[in-house]
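Here are the chains, one letter per residue:
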Amino acid sequence: MQIFNKLFYADVIEDEIIQLERMYQQVQLTPKQLQKLKHTLLKKHTPAPPSILKKHGISIVELLLGVRCPNCGQYHLIRIARKWYCDKCLTYSKVAHQEGIRDYLLIISETITNKECREFLKIECPNLAKRILTRMNLPTTGANKNRLYHRPQNF
């Protein structure tokens, strides 16, 4: 995942520029080189794809929330002893939540916060949401309450 050390997301680019300005206080590029760099950045920029929900006129409130059973497809699995339990088909899963997080990152937003994860999966414990998101090894920006988990490029 070496690419994520070089990748900047739009929401943190200003902070990254400020940090770089502090590190490199001497002028390194001529005005002509800066113009060329500006032109290249604008030319190579690719806008984010439109939201699938907006494209199809679907509201978030219309989505089924919770953890989906990988066996029978029912929602609202419950967490028992570090596993998801489906009271409809009586099966357990350790990773049922991963499909929901993937869906969120592909359909709703390219980033997810702890709070958004809890709301989408219908879980109450912030620590559980943190463990779930951390174990998926998603790239992050920010710290503590400002932490964002990002959708990897190869998702």
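See the structure above.
All figures in this text were calculated on a predicted structure; none of them were measured in a lab.

Q: Would you take a moment to explain the overall build of the chain for this structure?
A: For the chain, the count of helices and strands is six helices and six strands. Each helix (α) and strand (β) of the chain, taken in turn from the N terminus, gives the series α-α-α-β-β-β-α-β-α-α-β-β. Relative to a compact globule of 155 residues, whose C-alpha radius of gyration would be 15 Å, the chain shows 20 Å and is clearly more extended. Seen along its three principal axes, the alpha-carbon backbone of the chain occupies a region of about 65 × 35 × 25 Å. Across the 155 residues in the chain, those meeting the buried criterion constitute 25%. Contacts in the chain between residues at least 24 apart in sequence constitute 42% of all its contacts with a sequence separation of at least 6. Considering the chain, the positive charge centre built from 25 side chains and the negative charge centre built from 13 side chains are found 6 Å apart.

Q: Honestly, the sheet that holds strand β5 (residues 140-141) in this entry has me stumped. Any pointers?
A: Think of a sheet as strands paired side by side through backbone hydrogen bonds, with each pair either parallel or antiparallel. Taken in spatial order, the three strands line up as β4-β6-β5 in an open sheet, and their pairing is antiparallel. Two strands in the sheet have a free side with no partner beyond their single neighbour: β4 (111-112) and β5. Sheet topology note: the β5/strand β6 (residues 148-150) ladder contains two bridges and is antiparallel. Each residue of the ladder has a partner; that of Thr141, found in β6, is Leu148.

Calculation notes
Residues numbered from 1 in each chain as written. Predicted model: local features only at pLDDT ≥ 70, side-chain atom pairs only at ≥ 80, totals over all residues. Heavy atoms only, no water. Helix = DSSP H or I, 4+ residues; strand = E, 2+ residues; numbered from the N terminus. Rg over C-alpha atoms; globule rule 2.2 N^0.38 Å. Buried < 20%, exposed > 50% of the residue type's maximum accessible area, 1.4 Å probe, protein only. Contact = heavy atoms within 4.5 Å. Lys, Arg positive; Asp, Glu negative; His and termini not counted. Charge placed at Lys NZ, Arg CZ, Asp CG, Glu CD. Pairing = 2+ DSSP bridges.

So yeah, pure geometry; function would need other evidence.
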